[in-house]
Amino acid sequence: MEKDITLSFTDRRQVLAPGALEEKLRACAPILAAAVAGEERYADVLGWRTVDETAGPERVAFLLEQAARVRADADAFVVIGIGGSNQAARAAVKALRPEGGPAILWAGNTISACEMERTLRELNGYQSIYIDCIAKNFETLEPGIAFRVLRQYLEKRYGEAEAARRIFATGTPGSTLHQLCLDHGYTFLTFPEKVGGRYSVVSDVGLFPMAVAGIDITALTQGMRDMRDQLFAAPAEENLALRYACLRNLLLEKGYRLEMLSFFEPRLDYFAKWWIQLFAESEGKEGKGLYPVVASNSEDLHSIGQFIQQGSPILFETFLHVQARDASVVLAHEEKRDYFDYLEGKDFWDINQVACRATVAAHSEGGIPCLELTIPALDEHTLGQLFYLYLFTCYLSAGVLGVNPFDQPGVEAYKGYMFKNLGKPGVS
């Protein structure tokens, strides 16, 4: 079994000319060199790049201490946040499914009255509840109003002093959220100013909820460092992130408009949502960029498989494979005739792997360009590597595309109309 993350490319239609990737890699070598060095023009948003600036060993130790306090007492922990403020933590918790510790609930990612009502009803079934409101500037509507409702819920249930002990908030120092913590005694954690939301897995934002859930964030951040070291050292021709970035952009130049991330582990469903935000928000500007979509298989093969196989040729696929077997369910002998005897003695894991290989073969033979990103296991260290690989690939890919990977001016467009209609002061 491979110990490293690997990338391969199958191009049966020969969409890319022989040597095109190598030529692109040589041309983009300066983009890699600039990213490794740290570009001055992005100095105020590259806090995640070294890992240690925002998630060094001392900070990780502090977060583990805070998380231990919560885990010792809580049977429910509510993460309040939207977009980059909760995607990475939710991805890790759903992927690794740690046992023990408090139930992890997610709020502040919708304005649905029904969902908030359901969350409050669910909380009534727990004895000891803690919350963490994550908001960089504390101006985003969804976490702001969810924090008010849940803060009031805790105060009504425990009293103000005890509620304050149970409230964490993660924001920018000097923000209104920080002031709220100072005024009322909530525990304040740092949302680094030099890290944007979708890159914030490398900070308190992603790591603290993971630690409360029982994830080994020491191993996860070490995985990030190991991938950082690999990508910083590898030359352009051998650089995993640059190869991925160049392949994506070459296929975009050939008229492909969507990248589909396909996988056969439902545990990766929320990792895929993190991936969607990372690339859509980083590259989708100036009329450019690939639209990121997802296929969670084998379920989605029975819904969109027909289009993928024979529909309009607008997408290429990136398959995310997990190598190491980490579960086993064997089909036992059955006296009742159900017509699945040919699978007797076979393991679900192996059947899933066969289905995955068959899908790659069918789609590539059907003419779809297929990338395969293979990870050795689905554990903390490897997930840390994967997070960092995608962060750095996105940074490089946006550079190849010629857009700023760290801004999101289009996200603000709807907010002006919404805040105006809601009567927010100062908005006209």
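Structure's up top.
Predicted, not measured: the structure shown is a model, and the values here were computed from it.

Trp48, Met210, Phe271, Trp274, Phe387, Tyr390 and Phe392 are the most contacted members of the largest nonpolar core, which has 98 residues in total. Sort the elements by how many residues they give to this core and helix H16 (residues 380-401) lands first, with 14 residues. Setting aside residues no more than four positions away along its own chain, Phe392 makes contact with Leu32, Ala35, Val36, Trp48, Leu231, Phe232 and Ala241.

So, about the sheet that holds strand S4 (residues 129-134). Strand order in the open sheet formed by five strands is S3-S2-S4-S5-S6, with parallel pairing between adjacent strands. What marks the edges here is a single partner per strand, and that holds for strand S3 (103-107) and strand S6 (187-190). If you compare each strand with its neighbour and ignore which way they point, the axes differ by 20° on average. As defined by bridge partners, S4 adjoins strand S5 (residues 167-171) across four bridges and the pair is classed as parallel. Looking at the pairing, Asp132 lines up with Phe168 of S5.

Below, the discussion takes up helix H7 (residues 141-158). Over its 18 residues, H7 runs 26 Å from end to end, which matches the ideal 26 Å to within 8%, given 1.5 Å per residue. Looking only at H7, the buried set comprises Leu141, Glu142, Pro143, Ala146, Phe147, Leu150, Arg151, Tyr153, Leu154 and Tyr158. Count one or two residues on from H7 and you reach Gly159, which has phi positive near 90°.

A complete count under the given rule lists one cavity of 30 Å³ or more for this structure. Estimated volume of the largest cavity: approximately 80 Å³. In terms of lining residues, the largest cavity is bounded by Phe263, Phe264, Glu265, Leu268, Leu320, His321, Val322, Asn352, Gln353 and Cys356. Among the secondary structure elements, those contributing two or more residues to the lining of the largest cavity are strand S9 (315-322) and helix H15 (348-365). Residues belonging to the lining of the largest cavity are distributed by class as follows: six nonpolar, three polar and one charged.

Reading the values: rules and limits
- Residues numbered from 1 in each chain as written.
- Predicted model: local features only at pLDDT ≥ 70, side-chain atom pairs only at ≥ 80, totals over all residues.
- Heavy atoms only, no water.
- Core = buried A, V, L, I, M, F, W, Y, C linked by side-chain atoms within 4.5 Å.
- Buried < 20%, exposed > 50% of the residue type's maximum accessible area, 1.4 Å probe, protein only.
- Helix = DSSP H or I, 4+ residues; strand = E, 2+ residues; numbered from the N terminus.
- Contact = heavy atoms within 4.5 Å.
- Pairing = 2+ DSSP bridges.
- Axes fitted to C-alpha atoms, helices over the stretch in contact; angles between N-to-C directions.
- Expected span 1.5 Å × (residues − 1).
- 1 Å grid on protein atoms, 1.4 Å probe; cavity = no way out; pocket = protein on both sides within 12 Å on 5 of 7 lines; lining within 4 Å.
- Points joined across faces, edges and corners; volume = space filled by probe spheres on them.
- Nonpolar A, V, L, I, M, F, W, Y, C, P; charged D, E, K, R; others polar.

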